[in-house]
Structure formats: C-alpha cells, structure tokens
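Observations on the three-dimensional arrangement
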Amino acid sequence: MNNKDSNKTEQMELFSKLVSQIPMLIYVLDKHWNFKLSEGAALSKIGLKPGEVVGKSARELYKDNTNIISSLDQAYKGIDTSSILKLDDLYLEHYIAPYYNKNNEIDGVVGAAIDVTNRLKSEDELQKTRELQNAILESVPGMIYMYNDLGELLFWNKWHETMTGYNKEELYLKKFTDWFENDEQSLAAINQGLQDMKTKGFGETEAYLECKDKTKIPLYFTARLFKLDGKDYFVGMGVDISNRVAAENKLKVLNHTLEEKVIERTQELSDANIELSEVNQELTAMNEEMQAMNEELSNSNEKMIKMQNFLVESEKMASLGGLVAGVAHEINTPIGIGMTASTHLQDMVNDLLELNKERPLTSEDIIPYLEDIDKATHMIYKNLNRAATLIKSFKQLSVDQSAEPKRLFDLCEYTNEVLLSLSPSMKKTKIKINTICKEPVMINGYPGSLAQVITNLVMNSLKHGYLAEQKGIITIEINRKDPMIEIVYKDDGVGIDNDIIDKIFEPFFTTNRSNGGTGLGLSIIYSIITQQYKGSIKCDSEKGKGVKFTIYIKEDII
Ligand SMILES: Nc1ncnc2c1ncn2[C@@H]1O[C@H](COP(=O)(O)OP(=O)(O)OP(=O)(O)O)[C@@H](O)[C@H]1O
Ligand SMILES: [Mg+2]
C-alpha cells in the first residue's frame, strides 16, 4: 500500500468513526438502486447495523415507503430532494442527490439522513405552545401589542385590528404615539405611563385611542419593558373601558343634576327663607302697630272708663238731684196743706183764747169752732200721713241691705206666702192669681225685698190694670235659667200705653197721683232687682193686652 492509499484508508476510517459518532446515517446506491454503502450512528435507530444492507436493493427494501421511493426516483432523474422522513417514531431529515460518472451520467445516488426527532418534537411543541399562546392572545378581550425601542408596532393580536379598524400592513411599524395625535390629554397620560414603565418597569394609564374611522375609544393601557438581544421592547394590552367611562359619565351627569337640584332646592329654600323673614318683619311691624294701637285703645279705654264713671257719677248726682227735687215737690204739697190747716187751727185757738180773756167761754162760743178744728186737724193728719208715706217710700228707694239678714229660701214657696198675705186685698176683687213653679227654686238673698217686688206688682195690677169688678188672671211663673232665675209676671188687664211705657220705672212717675199714687213702686222694684239682685227687669205691654214683666235675678247675691 502506497502513502496515498494508506492516507485514503486512514481518511475512510476517520470518516467511518465520525459518521458512527454523530446521529446521522449516510448511504450510497449504485445505478441499480443497490446499496453500496450504509453507515452512521442513526442506523441503529432504524434497526440496522452499519453495512448491513450493502448489496441489497433499496427499491426492494422500501417498496412500501412511497416517500423514499419517489425521492429516490427524483434523484435518479437528477433532482436533489430533501424531505422529512418518518420511520416509526423516528423523524429523519433526508437529503438525496445523484452522483455522476466521468461522462456526467448519473451513476448512482447518495443520501444522508439526520435524526431530527428531538428537534421536530421540540419544534412541534413550540408550535403547539405558539398556537396556545395565539389562542390565548386572541381570546383576550383587548388589544395586545409589542413595540420596539423606537415606539414602532411589531406584534399585535387580532383584537388590535378589529378594535382600531387598521389592517396588518397599516399596523406594522405604526408609531405608538400616533394613536393619540390630536388629544393632548391622552398624550400626556400615555407619556406618563411610558415614563413609569421606564423607571419602574411597568406602567399603566387611561387614554382615548383614535381608530381609523376617527372614533375615539377609552382604553386602559399597560406596558411592560423587556430586553431582547440587548434591545428594549415593550409589551402590553389595551382594554376597552367604554362601559365604565359611560357609567362614570352617567354618574357625573347624575351627580351634576343632583348638585344642580341641591343648589336649586337650596336657592328655593333660601328664597322661601327670605320671604319668611320678610313676612316675619311685616308681622313684627304689624305687631308693633297693633301694640301701639292696643296701647292707644287701652289708653282711650281708660279714658272711656273714667268718662263713664264720671258720667255715672254725674248721672247719679243728676238723678239724686231730680229725686230730691221730686221728693221736695211731692212732700211740699201735703206739708203746705198741713201748715195752712195748722195755722188756721192756731188762729181759731187764738180767737177762742182772746174771747176767753173777755168772758168765760160758753158752749155756744166753742161749738162753731169745734167743726172747723175737726176739719183742720183731719186735714193736718191726712197730709202728714201723705208726707209720711212719701218719706217711707223714698227711704225704700235706697234699698237698705242691712235691714234684713240674708238667708236661703225657696222663691216659689215664699211667693205663695206673700200672695197669701195679699189675700185680704184680693178678696175685694174678681182677680185670681196663678203661680207656676215646676220645682223649688232656692235663693240665697233677702226675702223681704222680693216680697216688696211681688206686692208692688200685684198692687199695681189691682190699681192700674183692672176696672172695678173686672175679672182677671195674674200669672207668676218662676223658672231656673242657669245661671239666673227667671220670674215672669203677667196680668191680662188694660195694659200700658206705648207713650208712657219707657217712663214707668222712673221715680215719681204715676198716672194715679190723684188717688195717692207716689210713682215710686216700680222704681223701688227696679232698684231691688238691678242693685240688690244684680239682675234685670223689662216690661212688655200694649194697651188692652195686659202687662208682662220679665225679671232675671241671681240665685246667690253677695
Ligand atoms: N199692671 C199695670 N197695669 C197698668 N198700668 C200699670 C201697671 N203697673 C204700673 N202701671 C203704670 O205705671 C205707673 C207707675 O207705677 P208705680 O208703681 O211706679 O207708681 P204708682 O203705682 O202709680 O204709684 P204707687 O206705687 O205709689 O201706688 C202707674 O202709675 C201706672 O200708670
Ligand atoms: Mg205702684
């Protein structure tokens, strides 16, 4: 063996060693598809030993594997092929090429196969992972993006396209800031987010993104910084927050409306308050006015009371004056007549005394005088009696309360007793008296004064109401009319003329002076009822229809 040959053998050995160490196989087929060489560590994976198939036909061995046969066919036609060959669980990357003889004719085929099972598996897994990642990326309800350090878009998901309306070509290398070109506020927010990302590694912000159709969508953006091959990138996502922003805006509007309403209500309230305080002021002013008026009124009231008292006093004085004048006038007549009669009597007595000085008086001297003396003394008696009656009645006018003790008595029973005492007078007439009392009527007062009231009324009926022999009925009805007691006195006599009815209670008013009437009876009744019994009396009458006195008195007088 020469050097050249030994070198060749050494090279072949080295080659065989190398091939047996790396995970590949190589083979050579002659132009009849028979294996001339079959080497390599990968052979063991297909169950062959190096050189085992040498001399065997590949067509025969792989007749069931159309891939191999068709690839070999191509090679025999002069075409290089490479394909992934699957043998059981094994994946081989299979390269086949023809080789040529000196005449440039295809003399056979060389093939090499590398075991790529692991690589393909990991590639497969990688693919699956990518698919999974893609599925995840596409399922995220927001846009996902990756920008380079120049802020150019490199990667994005489908959502990004759908949301913005831009297609792949338009999106590729689109600048991040382009989305917010005419929106200073959004741009400022985005820059702040990017700043945070640069300093803290992560940034987030909210901004309005302008889509292709110029609509603006509010988005929540995130951005995370990462380095790849020494270059800066950032990835992140943008989530549509339209609903939230719309809800917030609604809330804002609602809040605003509420605020407006509150302001409105507050204004209304303060208006109402102002109105109220104005009304209040008016009221206060009115009150002050009223107070002033009240003061004036109470002043004038005081004045009035003073005036009234003064008037009452002067009235009293006047009526007292009238009364005194009346009394003087009334008493003057009987006293005058009495004086004249007594002077006449004295004259006669003086005449007799003078005659007696001359001679002793005889019965002839005295008898003519006696008649005159009798007349004079009678006249004196009659007129003195008249004066005495007047004075007695006048005394009663001033209702002397201390004259009799106050006591509790039944007015009905007492009235009947008084009427009984009047029965001698009644017997001389054809007049009957009825008393109507449904129940005892107790009074705490002075019975004597009431006896006088009843007596005077009855006597007036007898004197003024009926002609002699005229029949008549007097009724006295006593009833309790809380808090007073009512006495209704009626007769069915001639009644009282309308012209004089207003005067009948005046002292000394009488239509019967000629028959000895003083005109004090009713005025005494009036004093008793109004002053002593703190009550009232009124008279209703018409000529020819009798009289009716309605009296009210207190049941308990002080
Ligand atoms: N029952 C009566 N019917 C008709 N007239 C009456 C009746 N009672 C009173 N008078 C009228 O009222 C007048 C006043 O009555 P009053 O009792 O005051 O005085 P008088 O009876 O005339 O006098 P006196 O009471 O002194 O006898 C009477 O004069 C009479 O005209
Ligand atoms: Mg009388």
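Attention in this report is confined to the structure presented alongside it.

Here is what the cut-offs are and how they apply
Along each chain, the written sequence defines residue order, and numbers are assigned to residues from 1. Labels follow written order: the first chain is A, the first ligand is 1, and so on. Two thresholds apply to this predicted model, a pLDDT of at least 70 for residue-level local features and 80 or more for giving and counting side-chain atom pairs, whereas whole-chain, interface and lining totals are computed over all residues. The side-chain figures draw on all heavy atoms in the structure; neither hydrogens nor water molecules are used. Salt bridge, as applied in this entry: a Lys or Arg side-chain nitrogen positioned within 4 Å of an Asp or Glu carboxyl oxygen. With a 1.4 Å probe rolled over the protein chains alone, any residue whose accessible area is under 20% of its type maximum counts as buried; one over 50% counts as exposed, and the rest are partly exposed. The angle between two axes is taken between their N-to-C directions and runs from 0 to 180 degrees, where each axis is a line fitted to C-alpha atoms and a helix contributes only its stretch in contact. Only runs of H or I of at least four residues qualify as helices and only runs of E of at least two qualify as strands under DSSP, and these elements are numbered from the N terminus. Take the far helix as your reference; a near helix turned counterclockwise from it by less than a right angle gives a left-handed crossing, and one turned clockwise gives a right-handed crossing. Working rule for contacts: check all heavy atoms of both residues, and any pair within 4.5 Å makes them a contact. For this classification, Asp, Glu, Lys and Arg are treated as charged, while Ala, Val, Leu, Ile, Met, Phe, Trp, Tyr, Cys and Pro are nonpolar and the rest, including Gly, are polar. Throughout, the term roughly parallel applies to angles under 35 degrees, roughly antiparallel to angles over 145, roughly perpendicular to angles from 65 to 115, and oblique to all others. The criterion for a disulfide is a pair of cysteine sulfur atoms lying within 2.5 Å. Two aromatic rings, drawn from Phe, Tyr or Trp (for Trp, its six-membered ring), form a pair once their centres lie within 6.5 Å of each other, and the interplanar angle then sorts them: stacked below 30 degrees, edge-to-face above 60, tilted otherwise. For a lysine, the NZ atom is tested; for an arginine, the CZ atom; a charge sits over a ring if that atom is within 6 Å of the ring centre and within 35 degrees of the ring normal. Think of it this way: one heavy atom of a residue within 4 Å of a molecule or strand is enough to make that residue near it. Here a polar contact is taken to be a pair of N or O atoms separated by no more than 3.5 Å, where protein atoms must pair a possible hydrogen donor with a possible acceptor and residues adjacent in sequence count only if both atoms sit in side chains. Using a 1.4 Å probe, accessible areas were evaluated by the Shrake-Rupley method; residue-level cover was limited to the displayed protein chains. Paired strands, as defined in this entry, are two strands with at least two bridges between them according to DSSP. The definition of a nonpolar core used throughout is a set of buried Ala, Val, Leu, Ile, Met, Phe, Trp, Tyr and Cys residues joined through side-chain atoms within 4.5 Å. Only residues whose relative accessible area exceeds 30% and that take part in no salt bridge are eligible for patches, with like-charged residues grouped when within 9 Å of each other and nonpolar side chains (Val, Leu, Ile, Met, Phe, Trp, Tyr) grouped when within 5 Å. Counted charges follow a simple rule, with Lys and Arg positive, Asp and Glu negative, and His plus the chain ends left uncounted. All charge positions are set by atom: Lys at NZ, Arg at CZ, Asp at CG, Glu at CD.

**Some points on the pattern of salt bridges**
Any two side chains of opposite charge can pair, so long as their charged atoms come close to each other. Following the criterion strictly, the structure yields 22 salt bridges and no others. Across the salt bridge formed by Lys227 and Asp232, the nearest N and O atoms sit 2.7 Å from each other. Accessibility expressed as a relative area gives 58% for Lys227, which makes it exposed.

**Section: the packing of helix H11 (residues 447-465) against helix H12 (residues 521-532)**
Where H11 contacts H12, the two axes come as close as 9 Å, and the packing angle between them is 145 degrees. In the packing of H11 onto H12, the handedness of the crossing is left-handed. Contacts between H11 and H12 pair Ser449, Gln452, Val453, Asn456, Leu457 and Asn460 from the former with Gly521, Leu522, Ile524, Ile525, Ile528, Ile529 and Gln532 from the latter. Among the residues forming the contact of H11 with H12, the class breakdown is seven nonpolar, six polar and no charged.

**Focus on the packing of helix H10 (residues 411-427) against H11**
Between H10 and H11, whose axes approach to 10 Å, the crossing angle comes to 45 degrees. When the interaxial angle is binned, H10 and H11 end up oblique. Between H10 and H11 lies a crossing whose hand is right-handed. Contacts between H10 and H11 involve Leu411, Tyr414, Thr415, Val418, Leu419, Leu422, Ser425 and Met426 from the first element and Pro447, Gly448, Leu450, Ala451, Ile454, Thr455, Val458, Met459 and Leu462 from the second. Along the lines of polarity and charge, the residues of the contact of H10 with H11 split into 13 nonpolar, four polar and no charged.

**Overview of the state of the cysteines**
Applying the stated criterion to the full structure yields one disulfide. Note on cysteine connectivity: Cys412 is disulfide-linked to Cys437, with sulfurs 2.2 Å apart. Looking down the S-S bond of the Cys412 and Cys437 bridge, the torsion is -95 degrees, so its handedness is left-handed. Remark: Cys437 occurs in strand E12 (residues 430-437) and Cys412 occurs in helix H10; sequence separation between them is 25 residues.

**Section: the packing of aromatic side chains**
Enumeration over the complete set of coordinates arrives at 17 aromatic pairs. With 6.3 Å between their ring centres and 80 degrees between their planes, Phe505 and Phe549 make a pair best called edge-to-face. One end of the pair, Phe505, is in the loop between strand E15 (484-491) and H12; the other, Phe549, is in strand E17 (residues 547-554), with 44 residues separating them in the sequence. Look at Phe549 and you get buried, because its relative accessible area is 5%. Within the aromatic cluster, the residues linked to one another by ring pairs are Tyr145, Tyr147, Phe176, Phe180, Phe221 and Phe234. Over the ring of Trp33 we find Arg59, and its NZ or CZ is 3.8 Å from the ring centre. Lying across the ring of Trp179, Lys174 places its NZ or CZ 4.9 Å from the centre.

**Regarding the site of ligand 1**
Residues in contact with ligand 1 amount to 19 residues; listed here are only the nearest, Lys463, His464, Thr510, Thr511 and Thr518. Within the side chain of Lys463, a nitrogen or oxygen atom sits 2.4 Å from an oxygen atom of ligand 1. A distance of 2.4 Å separates an oxygen atom of ligand 1 from a polar side-chain atom of Thr518. Burial of ligand 1 by the protein amounts to 94% of the accessible area it has alone, namely 590 Å². Secondary-structure elements contributing two or more residues to the shell around ligand 1 are H11 and H12. Looking at which element gives the most residues to the shell around ligand 1, the answer is H11, with five residues. A breakdown of the residues in the shell around ligand 1 according to their chemical character gives six nonpolar, 11 polar and two charged.

**Description of the sheet that holds strand E16 (residues 536-541)**
Strand order in the open sheet made by the five strands is E12-E14-E15-E17-E16, with mixed pairing throughout. Two strands in the sheet have a free side with no partner beyond their single neighbour: E12 and E16. Adjacent strand axes in the sheet meet at a mean angle of 15 degrees when their direction is disregarded. Those strands touched by H10 are E12, strand E14 (471-481), E15 and E17, and its axis lies near 175 degrees from that of E12.

**Remarks on the sheet that holds strand E9 (residues 216-228)**
Spatially, five strands are ordered E7-E6-E10-E9-E8 in an open sheet, and the strand pairing comes out antiparallel. With one partner strand each, in any of the chains shown, strand E7 (153-156) and strand E8 (202-210) form the two edges of the open sheet. When strand polarity is set aside, the average angle formed by the axes of neighbouring strands in this sheet is 30 degrees. With six bridges connecting them, strand E6 (residues 143-148) and strand E10 (residues 231-240) associate as antiparallel partners. Following the sheet pairing, Ile144 is matched in E10 by Met237.

**Re the nonpolar core**
Core analysis: the biggest nonpolar cluster contains 45 residues, and Leu411, Tyr533, Phe549 and Ile553 have the highest contact counts within it. Those elements that place two or more of their residues in this core are H10, H11, E14, E15, H12, E16 and E17. Excluding residues within four positions of it along the chain, Phe549 makes contact with Leu457, Ile487, Val488, Tyr489, Ile504, Phe505, Leu522, Ile537, Lys538 and Cys539.

**Side note on a nonpolar patch on the surface**
Together, Met12, Phe15, Leu18 and Ile22 give the surface a local cluster of nonpolar side chains, amounting to about 360 Å² of exposed area. Relative to the helices and strands, Leu18 resides in helix H1 (residues 3-21).

**Some remarks on a negative patch on the surface**
On the surface, a cluster of negative charge is made up of Asp271, Glu275, Glu278 and Glu282. Mapped onto the fold, Glu278 is located in helix H8 (residues 242-358). Of the residues examined, Glu278 reaches a relative accessible area of 43% and is grouped as partly exposed.

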